[in-house]
There are 2 protein chains.
Amino acid sequence: MSTSIREVARKAGVSTATVSHVINETRFVAEKTRQRVIDVMTELDYTPNFAAKTLRSQKTFTIGLVLPDISNHFFTSVVKGIEQHLDQKGYQLLVGNTDENVDVEIEKIKTFQAQQVSGIILASSAENYEEIEPYLNQETPTVFIDRIPHGANVDYIAVENEKAVYGAVQRFIDLGHQQIGMITGISKLSSTQERMNGYRRAIEHSQLQLDESLIYTGDSKFEGGYKAAQQLLKNTGITAMFVANNLMTIGAITYLKEQKVKIPEDIAIIGFDDYEWAKITDPPLSVIKQPTEEIGEKAAEILLSRSHVPALETESFLLPTKLIQRSSC
Amino acid sequence: MSTSIREVARKAGVSTATVSHVINETRFVAEKTRQRVIDVMTELDYTPNFAAKTLRSQKTFTIGLVLPDISNHFFTSVVKGIEQHLDQKGYQLLVGNTDENVDVEIEKIKTFQAQQVSGIILASSAENYEEIEPYLNQETPTVFIDRIPHGANVDYIAVENEKAVYGAVQRFIDLGHQQIGMITGISKLSSTQERMNGYRRAIEHSQLQLDESLIYTGDSKFEGGYKAAQQLLKNTGITAMFVANNLMTIGAITYLKEQKVKIPEDIAIIGFDDYEWAKITDPPLSVIKQPTEEIGEKAAEILLSRSHVPALETESFLLPTKLIQRSSC
DNA sequence: ATGAAAGCGCTAACAC
DNA sequence: GTGTTAGCGCTTTCAT
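Residues numbered from 1 in each chain as written. Chains lettered and ligands numbered in written order. Predicted model: local features only at pLDDT ≥ 70, side-chain atom pairs only at ≥ 80, totals over all residues. Heavy atoms only, no water.

Looking at an unreviewed UniProt entry, one finds chain A named LacI family transcriptional regulator and attributed to Geomicrobium halophilum.

Next up, the structure:
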């Protein structure tokens, strides 16, 4: 049992109100009294009880983060940005993994709300907003990252997916490629669809023919990329391919290497998401780099501002990406 | 303001005690009453207030995780294991990043304890146990992972570092290498020292001469690996090198590639930590693979068992590693 | 410039 | 089989 505010008050010869006020700097306390209280606190090694504080004030100073895959480097890097901002503001971070499962996602959201988190950052696996909307209560500000369910009018931080992919495919076209494969992620996600749109638009704006058979839907994991590359190689005559996420890029290249396909001579590749590893692959990978930590920081920033002053209107931030040219295209 | 247990009780025509008992299944309630209470709860969409529960019961069902670098894939993968186990047991996960800073680490520990977490999982950056021991209170079970401060007699989950590196260096020796470089991590960490010992022992047990100039201490980050490789190449005649963590491995190889050093012909390499990426590097990387998710799961398991039944004696688990042979040696 | 005290929502000992 | 109620440790209103 740790010491309570009452003990501190007694030992310092003041009321609990005064102790509370010196802790929170919430009303004036004479310097002499203040110092005495502080001394007693350090002497007793007093730490305020968090649960009591929360129960009374209805403020937890913790935010909940719901993620589809915490071991994916993209998200991890976002977490780092979030943690940084939160730490600086004295907030705690609660993390939940969903494995892209909407039911699990809903469970985590509910639990976080029962904990009265100050806000939630959510990379949702829901296709439509209605699936999760009933579980998002009004009092808990929520900001979405990376993907956004259809029909959601919410605060949202992501990147310019369409523009990014448009640029990458444009690069392929400039290089003279005519058959450009596309390996996309889980199809219901907005991020996937935006990336697809970037691909389509780039093809359409060129004199090339859009060929649906060059598009392969993966599962956003290693396996999906591997299989997609396999299918694309067997069934089409592509000379270039764009892969819409990091894990799938590794999978696709793994297959290509197994088949002794030369990159970029036989097949040129551009992947999504950067990582130090991409510098030492064979060949070094050209990728679209997302400002991952910034996504996290911005999300945390918006969320905290919402929890202080409720939003009048929702905001979206689409951060710019960067095409990093190495040797795979 | 969400509905309270009192409202539920009133609407169901029972006492708060009964409601509490149906929620927690903590004493018998007649089926009819039980059903009525449940109906009212769903009708009102009632969720117990977490803070009140915690304040009263002194149980949070959340555990705190303190990590040096949440964006390092090794830790991320450990987190996944932890989350999995915790989720299954209905526990929450609070995460804190320290950037290898002991002061930050202490802050996080203190905060977690103020929150009365049920336990802490700690990858400490402290060299000696005394640095953090004063902040670890008796009531909060703590299990250490990956590294352990000197002089700590605590629950601990890690891998057989010494044995792992011994095996890797042995492999180099079997291959005929005589000048084997070693790039180690932050020197105060137990994991670093154990890996160093594996290197030393392997050299000593062979007919080779231990040459301290072949050992270079990095910072466990990309930069450290890069610089270490640079120094080793300039100043020594190594034909092989062991790199004691994943980020440094990438750094070292990046430098080697810049210098057009051929791997493994000019320099053979074995790294620490596996990742899908390692399959597609140039050349595919031979590495020591740690059972990362298992480390997390085991840590969570031990921690929860401790929080139910205090430990009589501390336990250590050193999980086995695996040398994965690809083409870099 | 400070204190007294109510009450946040829950659990559990005690009572019947 | 269920109810009454004290009290967990804090914040904050009202008083002085």
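(A) Region of interest: the domain arrangement of chain A. Entries for chain A in the domain assignment read domain 1 (5-55), domain 2 (60-159 + 292-320) and domain 3 (161-290). The C-alpha-based centres of domain 1 of chain A and domain 3 of chain A are spaced at 60 Å. (Domains from an automatic or database assignment.)

(B) Layout of the sheet that holds strand β10 (residues 286-289) of chain A. Residues and elements named next belong to chain A. Strand order across the open sheet formed by 6 strands is β7-β6-β8-β9-β10-β12, with mixed pairing between neighbours. Across the chains shown, the open sheet's two edge strands, defined by having one partner strand only, are β7 (215-217) and β12 (322-324). Pairs of neighbouring strands in the sheet enclose a mean axial angle of 15°, with direction left out of account. Pairing geometry for β10 and β12, over 3 bridges, is antiparallel. Opposite V287, over in β12, you have I324 as the bridge partner. (Pairing = 2+ DSSP bridges. Helix = DSSP H or I, 4+ residues; strand = E, 2+ residues; numbered from the N terminus. Axes fitted to C-alpha atoms, helices over the stretch in contact; angles between N-to-C directions.)

(C) Broad picture of the protein's contact with DNA strand C. In the neighbourhood of DNA strand C, 27 residues make up the surrounding shell, with T33 and R56 of chain A together with I5, Y46 and R56 of chain B lying closest. Counted by atom, the contact set of DNA strand C within 4 Å of the protein is 57% sugar and phosphate. In the environment of DNA strand C, a phosphate oxygen lies 2.8 Å from a nitrogen or oxygen atom belonging to the backbone of N49 of chain B. Between DNA strand C and the protein, one listed contact pairs a base oxygen with a side-chain N or O atom of R56 of chain B at 2.2 Å. Listed by contribution, the elements that provide at least two residues to the surface near DNA strand C are α2 (16-24) and α4 (50-57) of chain A together with α2 (16-24) and α4 (50-57) of chain B. (Near = heavy atom within 4 Å. Polar contact = N/O pair within 3.5 Å; in protein donor to acceptor, adjacent residues only side chain to side chain.)

(D) Structural context of the relation of the copies chain A and chain B. Placing chain A over chain B gives an RMSD of 0.2 Å and needs a rotation angle of 180°, together with 0.1 Å of translation along the axis. Taken together, the rotation and translation relating the two chain copies correspond to the operation of a two-fold axis. Proximity to the rotation axis, assessed at the C-alpha, singles out T281 of chain A in chain A; its C-alpha lies 1.8 Å from the axis. When you check the interface residues of chain A against chain B, 100% turn up at the interface there too, and the contact is symmetric in its surfaces. (Least-squares fit on C-alpha atoms with pLDDT ≥ 70 in both. Contact = heavy atoms within 4.5 Å.)

(E) Quick look at the UniProt feature "domain: HTH lacI-type" (unreviewed entry) in chain A. Here, the residues flagged by UniProt with the feature "domain: HTH lacI-type" (unreviewed entry) are residues 3-57 of chain A. Split by type, residues 3-57 of chain A is 71% helix and 0% strand. Its first and last C-alpha atoms lie 20 Å apart. (UniProt positions renumbered as here; feature names shortened; annotations may be inferred.)

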